[in-house]
Amino acid sequence: MARIKRTETGELTEADAIRLAQKGDAGAFERLYRLHNRRVYSLCLRMVGNPAAAEDLAQEAFLQLFRKIQTFRGESAFSTWLHRLTVNVVLMRLRRKNVIETSLDELAEQGEESGSPPREVGTPDLQLSGSVDRVNLERAVGQLPPGYRAVFLLHDVEGYEHNEIADMLGCSIGNSKSQLHKARTRLRELLQEAERERPHLEDQHARQGDETDQHDERGDARGRALGARGVRRLVG
């Protein structure tokens, strides 16, 4: 029987927790949950953009982990294996909601109608790789339709290849590339809108600041006048 190792705090190591969880040890499974629940929730939240849905999906991911942990063979890091399992849980939910849509034919038709030159899709987008405001980018990603957001996050954030995404989504590689292209196009539009709104917001803040300053100045003037009247009363 393998000797069980523990951390300095007396907790099971991840390796021992995995081995014992595969044998049905509830305490070991709880240890794995404590180790990985924040990461799993964060991944779900990035993909669906809704905290309540992310919590539900994270619970579903750990339920799947409980059912499938015996299939983990250690061929990759456990965190990588759990990451893929979680992605599949989220994508299954998205597919059930019918949000994975559009095709390369649709993309081609749009290009013909607009008269714009064809472009390679599913390749690095230099226009999106520059320095952009992180807050605006995160907000824009959150505004993408769920299908677009899923492919964008899987490819550009999580680093999956199109053939891997196609397997996860049950679609063609071309469809994955099309979704990514449309996601990037929409992101560009949202970021440009945010950039156009920035001067207006800055003007609003400046006007609010001026009004505050004027209010303070009027308050100071009233204070000085009241102070002068008070002095006159005292010496009068």
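Here, every reference points to the structure presented above.
So, a few notes on the structure that sits alongside this text. Just so it is clear, the model here is predicted, and its values are computed rather than measured.

## Considering the overall build of the chain
A count of helices and strands for the chain gives nine helices and zero strands. Reading the helices (α) and strands (β) of the chain from amino to carboxyl end gives α-α-α-α-α-α-α-α-α. Residues classed as buried in the chain amount to 33% of the 236 residues present. A fraction of 64% describes how many contacts in the chain between residues 6 or more apart in sequence connect residues 24 or more apart. With the model as given, the accessible surface of the chain reaches about 15,200 Å², and the carbon-plus-sulfur share is 49%.

## Let's talk about the packing of aromatic side chains
Here the structure, examined in full by the defined rule, presents five aromatic pairs. Each ring, one from Phe29 and one from Phe66, has its centre 5.3 Å from the other, and the planes form 80 degrees; the classification is edge-to-face. Of this pair, Phe29 sits in helix H2 (residues 26-48) while Phe66 sits in helix H3 (residues 51-68), and the two are 37 residues apart along the sequence. A relative accessible area of 16% means that Phe29 is categorised as buried. Consider the rings of Phe72 and Phe78, whose centres lie 5.2 Å apart with planes at 85 degrees: the pair is edge-to-face. In this structure, Phe72 and Phe78 share a single accessibility class: buried. Aromatic rings pair up to connect Phe72, Phe78 and Trp81 into one cluster.

## Observations concerning the pattern of salt bridges
What the rule picks out here adds up to nine salt bridges. Here Arg186 and Glu189 are joined by a salt bridge, their closest N and O atoms 3.0 Å apart. Highlighted residues: Arg186 and Glu189, both in helix H9 (residues 173-235), separated by three residues, approximately one helical turn. Classification of Arg186 by relative accessible area gives partly exposed; the value is 30%. Through salt bridges with shared partners, a single network forms among Glu11, Glu30 and Arg34.

## Here's the deal with the packing of helix H7 (residues 146-157) against helix H8 (residues 162-169)
Running from N to C, H7 and H8 cross one another at 145 degrees; their axes reach a closest spacing of 10 Å. The interaxial crossing formed by H7 with H8 has right-handed handedness. Residues Val151, Leu154 and His155 of H7 form the contact with H8, whose own contacting residues are His162, Ile165, Met168 and Leu169. Counted by class, the contact of H7 with H8 contains five nonpolar, two polar and no charged residues.

## Observations regarding the packing of H2 against helix H4 (residues 78-96)
Viewed as axis vectors pointing N to C, H2 and H4 meet at an angle of 40 degrees, and their least axial separation amounts to 10 Å. In terms of orientation, H2 lies oblique with respect to H4. Where H2 crosses over H4, the handedness of that crossing is right-handed. On H4, the residues touching Leu32, His36, Val40, Leu43, Cys44, Met47 and Val48 of H2 are Phe78, Ser79, Leu82, His83, Thr86, Val87, Val90 and Leu91. Partitioning the contact of H2 with H4 into residue classes produces eleven nonpolar, four polar and no charged.

## So, the nonpolar core
Across soluble globular proteins, you tend to see nonpolar side chains buried next to one another. With 48 residues, the main nonpolar core has Met47, Leu65, Phe78, Val87, Leu91 and Leu154 as its most contacted residues. Every element with two or more residues in this core is listed here: helix H1 (14-22), H2, H3, H4, helix H6 (134-143), H7, H8 and H9. If one sorts the elements of this core by residue count, H4 sits on top with nine residues. Among all residues touching Phe78, those that are not within four sequence positions of it are Glu14, Ile18, Leu32, His36, Leu65, Ile69 and Phe72.

## What to know about H8
All of the buried residues in H8 are His162, Ile165, Ala166, Met168 and Leu169. Viewed end-on, H8 has its buried residues packed into an arc of 160 degrees, placing them on one side of the element. Residue Gly170 follows H8 closely and has a positive phi angle near 70 degrees.

## Notes on H2
At His36, H2 is bent by approximately 55 degrees, the largest bend along its length. Here H2 has its buried residues at Ala28, Phe29, Arg31, Leu32, His36, Val40, Leu43, Cys44, Met47 and Val48. Among the residues of H2, the N-terminal cap falls to Asp25, whose side-chain oxygen and the backbone nitrogen of Gly27 are separated by 2.8 Å. Just downstream of H2, Gly49 is the residue with a positive phi angle, here 70 degrees.

What counts and what doesn't
- Residues numbered from 1 in each chain as written.
- Predicted model: local features only at pLDDT ≥ 70, side-chain atom pairs only at ≥ 80, totals over all residues.
- Heavy atoms only, no water.
- Helix = DSSP H or I, 4+ residues; strand = E, 2+ residues; numbered from the N terminus.
- Buried < 20%, exposed > 50% of the residue type's maximum accessible area, 1.4 Å probe, protein only.
- Contact = heavy atoms within 4.5 Å.
- Areas by Shrake-Rupley, 256 points an atom, 1.4 Å probe, with all protein chains shown as cover.
- Phe/Tyr/Trp six-rings, centres within 6.5 Å; stacked < 30°, edge-to-face > 60°.
- Salt bridge = Lys/Arg side-chain N within 4 Å of Asp/Glu carboxyl O.
- Axes fitted to C-alpha atoms, helices over the stretch in contact; angles between N-to-C directions.
- Left-handed = near helix turned anticlockwise from the far one by under 90°.
- Nonpolar A, V, L, I, M, F, W, Y, C, P; charged D, E, K, R; others polar.
- Parallel < 35°, antiparallel > 145°, perpendicular 65-115°, else oblique.
- Core = buried A, V, L, I, M, F, W, Y, C linked by side-chain atoms within 4.5 Å.
- Arc of directions from axis to C-beta.
- Bend = angle between axes of the 7 residues up to and from the residue.
- Polar contact = N/O pair within 3.5 Å; in protein donor to acceptor, adjacent residues only side chain to side chain.

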